[in-house]
Amino acid sequence: MQIFREIAPLKAFLVEKRVQGHTIGFVPTMGALHEGHISLIQTALSENSIAVCSIFVNPAQFNSISDLDKYPRTIESDTEMLKRVGCQVLFCPDAQTIYTQQHVVKFDFGLLDKVMEGEFRPGHFSGVALVVSKLLHIVEPHIAYFGQKDWQQFAIIKKLVADLSFNLMIKSLPTMRERDGLAMSSRNMRLSEAQRQKALVLYNSLVLAKEELISGKSIESVKCLINNLYSSVTDVKLEYFEVVDSENLNLLQHVSQSQQPILCTAAYVGEVRLIDNMFL
Ligand code: AMP
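Bear in mind the structure is a predicted one, so any value in this text is a computation, not a measurement.

Parameters and conventions
Note on numbering: residues in each chain are counted from 1, in written sequence order. For a predicted model such as this one, the threshold for reporting local features is a pLDDT of at least 70, and the threshold for listing and counting side-chain atom pairs is 80 or more; totals across whole chains, interfaces and linings nevertheless cover every residue. As a rule here, side-chain values cover all heavy atoms of the structure and leave hydrogens and water aside. By definition here, a salt bridge exists when the distance from a side-chain nitrogen of Lys or Arg to a carboxyl oxygen of Asp or Glu is within 4 Å. Put simply, DSSP marks the helices as runs of H or I at least four residues long and the strands as runs of E at least two long, and each gets a number from the N terminus on. Relative accessibility under 20% of the residue-type maximum defines a buried residue, over 50% an exposed one, and the middle range a partly exposed one, all with a 1.4 Å probe and only protein chains included. Here a residue is considered near a molecule or strand provided that any single heavy atom belonging to it is located within 4 Å of it. Here a polar contact is recorded for every N or O atom pair within 3.5 Å, except that within protein the pair must consist of a potential hydrogen donor and a potential acceptor, and residues adjacent in sequence are included only if both atoms are side-chain atoms. Throughout, the Shrake-Rupley method with a 1.4 Å probe supplies accessible areas, and for residues the shown protein chains are the sole cover considered. Charged means Asp, Glu, Lys or Arg here, nonpolar means Ala, Val, Leu, Ile, Met, Phe, Trp, Tyr, Cys or Pro, and polar covers whatever is left, Gly included. Contacts are assigned to residue pairs with any non-hydrogen atoms lying within 4.5 Å of each other. Nine residue types can take part in a nonpolar core, namely buried Ala, Val, Leu, Ile, Met, Phe, Trp, Tyr and Cys, and a core is a set of them joined through side-chain atoms within 4.5 Å. A strand pair is defined by DSSP finding two or more bridges across the two strands. Axes, fitted as lines to C-alpha atoms, cover a helix only where it is in contact. Angles between the N-to-C directions of the axes lie from 0 to 180 degrees.

S.K.: Sorry, what's going on with the pattern of salt bridges here?
M.R.: Pairs may arise between side chains of opposite charge once their charged atoms sit close together. In this structure the tally under the stated criterion is 15 salt bridges. Among the salt bridges present, the one from Asp113 reaches Lys114, with a minimum N-O distance of 2.4 Å. Here Lys158 ties to Glu247 by a salt bridge, and the two come within 3.4 Å at their closest N and O atoms. With a gap of 89 residues between them, Lys158 in helix α8 (residues 151-163) and Glu247 in the loop between β7 (236-245) and β8 (261-269) connect regions that are remote in the sequence. Classification of Glu247 by relative accessible area gives exposed; the value is 51%. By sharing partners, the salt bridges in this structure join Asp67, Arg187 and Arg190 into a single network.

Printed below as a string of structure tokens:
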């Protein structure tokens with residue numbers, strides 16, 4: 001696997017590969033890799049001749065310095081995992097390489113970045129859009145792969161790519177879960193054994209809400225039920241549980257045939273903030 005920390009050598013390498021007729025699949029990550037990330041790399045490898053993974057913990061998308069500091073960094077085991085799966089290129093720049101100057105650009109995605117994560121993490125998606133734009137300019141992939149786990153992020157990146165005419169295809173792939181249903185996340189490694197059990201409430205809330213909605217219950221009554229479920233678990237604090245239109249992220253009052261609703265939730269388990277979602 002070729003490892004790049006600087007932009008120019010990576011670009012030169014990829015230009016040559018493109019000229020040779022290779023196609024490039026790109027998976028941007030913040031590292032602390034798990035099977036969810038690896039599933040994206042595997043799809044990138046199966047659909048392209050070269051897979052590029054980036055590992056960059058992006059300061060611009062964190063709301064607090066302590067969350068940024070506590071974000072797990074496991075570059076050695078990440079590198080081993082990527083080599084094992086056959087990823088050909090790793091780009092792991094430091095913050096000065098990506099942010100050579102104080103940036104002033106801000107993104108506004110209308111409703112898409114005001115609800116759910118946007119409400120609780122102001123400025124987060126502007127930071128995401130900035131780094132994704134930079135990475136797409138650097139790597140110039142044919143296809144970029146994202147996880148359904150960050151569905152709101154994917155909806156925003158889809159808009160970013162369309163509005164700024166990036167010349168690539170983007171794909172969202174299914175969420176990889178632990179055997180008991182917990183969505184894989186780099187943040188899970190910060191959970192104690194007891195918190196790890198309590199974190200299951202996110203997945204359980206989605207499964208329960210889906211069942212209740214399918215059986216004809218109203219969104220309002222289901223949200224009430226889910227609030228009670230979260231309240232019954234100590235050390236867990238619900239931030240939001242919403243049913244939204246998966247395309248435009250409009251909050252739904254009623255489930256209808258014409259939309260493809262998605263259930264989204266975020267909660268703190270101790271000090272660790274987790275998110276999850278499920279299509280209805
Ligand atoms: P992150 O390193 O958390 O920024 O995630 C990098 C990419 O991996 C994003 O597109 C995520 O949506 C995706 N991802 C994170 N967790 C999972 C998972 N459990 N299953 C599939 N994809 C995931």
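S.K.: So what exactly am I meant to see when it comes to the site of the ligand here?
M.R.: Taken together, 16 residues are adjacent to the ligand, and Met30, Gly147, Asp150, Met176 and Met184 come closest. Contact distances for the ligand include 3.0 Å between an oxygen atom and a side-chain N or O atom of His37. For the ligand, the accessible surface in isolation is 480 Å², of which the surrounding protein chains cover 93%. Among the secondary structure elements, those contributing two or more residues to the shell around the ligand are β2 (24-29), α2 (35-47) and β5 (143-147). Looking at the shell around the ligand residue by residue, the classes come out as eight nonpolar, six polar and two charged.

S.K.: Help me understand the environment of Met184 in this model?
M.R.: When you line up the elements, Met184 lands in the loop between β6 (169-173) and α9 (193-198). When its relative accessible area of 13% is taken as the criterion, Met184 is described as buried. Separated by 148 residues in sequence, Met184 and Gly36 place their C-alpha atoms 6.3 Å apart. Once residues within four sequence positions are removed from consideration, Met184 is found in contact with His34, Glu35, Gly36, Lys149, Met176, Arg177 and Glu178.

S.K.: Help me understand the nonpolar core, please; the structure alone is not making it clear to me.
M.R.: Generally speaking, nonpolar side chains in soluble globular proteins are found buried as a group. Counting residues in each nonpolar core, the largest one holds 47 residues, and the members touching the most others are Leu10, Val52, Ile98, Leu136, Val139, Ile170 and Leu249. The leading source of residues in this core is helix α7 (residues 124-139), at 10 residues. Within the second largest apolar cluster, 24 residues are counted, among which are Leu182, Leu200, Val201 and Ala209.

S.K.: Mind showing me how you'd approach the sheet that holds β7 here?
M.R.: Hydrogen bonds between backbone atoms are what pair the strands of a sheet, whose relative direction is either parallel or antiparallel. Read across the sheet, three strands follow the order β7-β8-β9 without closing on themselves; strand pairing throughout is antiparallel. Two strands bound the open sheet, and with one partner strand each, they are β7 and β9 (272-279). Averaged over neighbouring strand pairs, the angle between their axes works out to 15° when direction is ignored. Taken together, the eight bridges between β8 and β9 define a ladder with antiparallel strand orientation. The residue of β9 that forms the bridge with Cys264 is Asn277. Helix α10 (residues 200-214) rests against β7, β8 and β9 of the sheet, and its axis sits at about 25° to β9.

S.K.: Help me understand the sheet that holds strand β3 (residues 50-55), please; the structure alone is not making it clear to me.
M.R.: Strand order in the open sheet formed by six strands is β1-β4-β3-β2-β5-β6, with parallel pairing between adjacent strands. At either margin of the open sheet sits one strand with a lone partner, and together these are β1 (2-4) and β6. Between one strand axis and the next, the sheet turns by 25° as a mean value, whatever way the strands run. Taken together, the three bridges between β1 and strand β4 (residues 89-91) define a ladder with parallel strand orientation. Bridge assignment links Phe4 to a residue of β4, and that residue is Phe91.

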